[in-house]
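Listed here are the chains, written in short residue letters.
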Amino acid sequence: MAKEIQAYNNILELIGNTPLIKLNKVTEEFEGNFYAKVEAFNPGHSSKDRIALYIIEEAERKGILKPGDTIIETTSGNTGFSLAMVSIIKGYDCILAVSSKSSKDKIDMLRTMGAKVYVCPAHVSADDERSYYNVAKRLHEETKGSVYINQYFNDLNIDAHYNTTGPEIWEQTGGQITHLVACSGTGGTISGTAKFLKEMNPNIKILGVDAYGSVLKKYHETKEFDNEEIYPYRIEGLGKNLIPTATDFDVIDKFMKVTDEESAHTAREIAKKEGIFAGYTSGAALQAVKQFAEEGEFDANSKVVIIFPDHGSRYMSKIYSDDWMSEQGFFDSVNNEETQKIEI
Ligand code: PMP
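Since this is a predicted model, take the numbers as computed values, not measurements.

Peer 1: Tell me what's going on with the domain arrangement of the protein, and back it up with residues and numbers.
Peer 2: One frequent convention defines the size of an interface as the accessible area lost when the parts assemble. The domain boundaries assigned to the protein delineate domain 1 (11-46 + 163-328) and domain 2 (47-148). Each of domain 1 and domain 2 has a C-alpha centre, and these two points are 25 Å apart. The partner domain 2 presents 15 residues to the 24 residues of domain 1 that form the contact. A salt bridge links arginine 50 to glutamate 39; the shortest N-O distance between them is 2.7 Å. Our enumeration of links across domain 1 and domain 2 arrives at 13 residue pairs in polar contact (both at pLDDT 80 or more).

Peer 1: Describe the side chain of glutamate 297, listing the residues and the values that go with them.
Peer 2: Note that glutamate 297 resides in the loop between helix H10 (280-294) and strand E10 (303-308). Engagement of the side chain of glutamate 297 in a polar contact is seen with the side chain of lysine 254, the distance being 2.6 Å. Beyond its immediate sequence surroundings of up to four residues, glutamate 297 is in contact with His179, Lys205, Leu207, Lys254 and Phe292.

Peer 1: An account of the packing of helix H5 (residues 155-163) against helix H6 (residues 165-172) is needed here, citing residue identities and associated values.
Peer 2: Direction vectors running N to C along H5 and H6 enclose 20°, while the axes themselves pass 3 Å from each other. With respect to H6, the axis of H5 lies roughly parallel. Taken together, the residues of H6 that come into contact with H5 (itself represented by Ala160, His161, Tyr162 and Asn163) are Thr165, Gly166 and Pro167. Of the residues that constitute the contact of H5 with H6, the class distribution is 3 nonpolar, 4 polar and no charged.

Peer 1: Give a detailed account of the environment of methionine 85, specifying residues and quantitative values.
Peer 2: Here methionine 85 lies in helix H2 (residues 78-90). Sequence separation between methionine 85 and alanine 52 is 33 residues; the distance between their C-alpha atoms is 8.8 Å. Excluding its chain neighbours within four sequence positions, the residues that come into contact with methionine 85 are Ile11, Leu12, Ile15, Pro43, Gly44, Asp49 and Met113.

Peer 1: Which residues make up the site of the ligand, and what are the values?
Peer 2: Gly185, Thr186, Gly187, Thr189 and Thr281 are the nearest of the 15 residues found near the ligand. Lysine 48 is positioned with one of its side-chain polar atoms (N or O) 2.8 Å from an oxygen atom of the ligand. In this structure, glycine 187 approaches the ligand through a main-chain N or O atom, which is 2.8 Å from an oxygen atom. Here the ligand loses 94% of its free accessible area of 390 Å² to cover by the protein chains.

Peer 1: Describe the UniProt feature "domain: Tryptophan synthase beta chain-like PALP" (unreviewed entry) in the protein, with residues and values.
Peer 2: Per the UniProt record, the feature "domain: Tryptophan synthase beta chain-like PALP" (unreviewed entry) sits at residues 12-310. What you have in residues 12-310 is 38% helix and 17% strand, and the ends, taken at the C-alpha atoms, are 17 Å apart.

Peer 1: Got a sec to walk through the sheet that holds strand E3 (residues 70-73)? Specific residues and values, please.
Peer 2: Pairing in this open sheet of 4 strands is parallel, and the strands run E5-E4-E3-E6 from one edge to the other. Of all strands in the sheet, those with a lone pairing partner are strand E5 (116-120) and strand E6 (146-148), marking the two edges. The mean angle between the axes of side-by-side strands here comes to 20°, regardless of whether they run parallel or antiparallel. Where strand E4 (residues 93-99) lies against E5, 5 bridges are found, and the strand directions are parallel. Within E5, the residue paired with valine 98 across the bridge is valine 119. Here H2 sits on the sheet and contacts E3 and E4; the angle it forms with E4, its principal contact strand, is near 165°.

Peer 1: Before we move on, could you go through the sheet that holds E10 and cite the residues and values that matter?
Peer 2: Strand order in the open sheet made by the 6 strands is E1-E2-E10-E7-E8-E9, with mixed pairing throughout. Every other strand in the sheet has two partners, leaving strand E1 (20-22) and strand E9 (254-258) as the edge strands with one partner each. Pairwise comparison of adjacent strand axes, ignoring direction, gives a mean angle of 25° for this sheet. Of the pairings in the sheet, the one linking strand E7 (residues 179-183) to E10 comprises 3 bridges and is parallel in character. In the strand pairing of E10, valine 181 is matched with isoleucine 306. Set on the sheet, H10 makes contact with strand E2 (33-38), E7, strand E8 (205-211), E9 and E10; between it and E9 the angle comes to about 115°.

Peer 1: Can you break down the pattern of salt bridges residue by residue, with the values?
Peer 2: One pass over the structure, following the stated rule, counts 23 salt bridges. Members of the salt-bridge network, linked through shared partners, are Lys37, Glu39, Arg50 and Glu168.

Peer 1: Just give me the short version of the environment of proline 167, but keep the residues and values in it.
Peer 2: As for its placement among the helices and strands, proline 167 is situated in helix H6. Under the relative-accessibility criterion, proline 167 is labelled partly exposed at 25%. For proline 167 and methionine 200, which are 33 residues apart along the polypeptide, the C-alpha to C-alpha distance reads 9.3 Å. Each residue touching proline 167, except ones within four places of it in the same chain, is listed here: His161, Tyr162 and Phe196.

Procedures and definitions
Residues numbered from 1 in each chain as written. Predicted model: local features only at pLDDT ≥ 70, side-chain atom pairs only at ≥ 80, totals over all residues. Heavy atoms only, no water. Domains from an automatic or database assignment. Contact = heavy atoms within 4.5 Å. Salt bridge = Lys/Arg side-chain N within 4 Å of Asp/Glu carboxyl O. Polar contact = N/O pair within 3.5 Å; in protein donor to acceptor, adjacent residues only side chain to side chain. Helix = DSSP H or I, 4+ residues; strand = E, 2+ residues; numbered from the N terminus. Axes fitted to C-alpha atoms, helices over the stretch in contact; angles between N-to-C directions. Parallel < 35°, antiparallel > 145°, perpendicular 65-115°, else oblique. Nonpolar A, V, L, I, M, F, W, Y, C, P; charged D, E, K, R; others polar. Near = heavy atom within 4 Å. Areas by Shrake-Rupley, 256 points an atom, 1.4 Å probe, with all protein chains shown as cover. UniProt positions renumbered as here; feature names shortened; annotations may be inferred. Pairing = 2+ DSSP bridges. Buried < 20%, exposed > 50% of the residue type's maximum accessible area, 1.4 Å probe, protein only.

The structure is reproduced here in structure tokens:
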């Protein structure tokens, strides 16, 4: 008798169930045990596959979406890629309104994945009718049978992680996890995962990662929106200049801020020492772990899970380019072998 063909029915069946990988070198000087939840193993190479699939399937369950309908969002980043991928398999049109600041590579990638990309001027304010927020809103109003994902203000973003990332980590650690460290952008990952884990064990500490230039940490501490906290920074996907409703600040115990420069070096260190080629915010998350460790947050019994949100390939022209690192001045203060280019 012929053996059965072992194949997935389509790429979406590979979303979720990402591996937990022990970190062996980058944390060796710290007390505790450290594990990375490597979201680059999702087929779209980031944690955003989870919310794209979850939000679209919720809309299907509620009868809001039918084949041929349209998915709309405002992002050139990971969420855009994931939505385009899910749309292809499920037969939806995908429209992405992106800022003219987005790189050509990103826009080409989204178009390759079948998305219609509207490039909107970056220099206008959010309430200008040409801004990508307003273009997306208008397209949603004008397009019958469309769903606006609106990830910063959509509770389903939290639910996606409550139902997938949280249970996976609980299962993978056999319930032994003591700390979760996760970056906060929309806040969906940290809020949903934390909500599930705290229901399992309220003693688990939830440590958020924020960027210098973002308002989240200060808001968490004071409940006040402080404009002084906001200034430009380079890390994409981490921190925010507004307060997303997809962040549940009550389940987060503490935030740690990290710099662009240290996060970039730490991301490169993850590749060099662990062989894990992860994105910029993975470097930010590990950088926060180092800073928490220096403050004495962990002890020998700690089992710390760190979320690595995406894959390094999306940052080739940034943190993984020596030229870019030099242009930012990120090599100025370090004197290691990275700065010594070998002439051939
Ligand atoms: N890292 C990267 C690379 C991201 O794109 C995002 C999402 N904006 C995050 C981290 C943060 O995840 P979340 O939006 O769930 O807070």
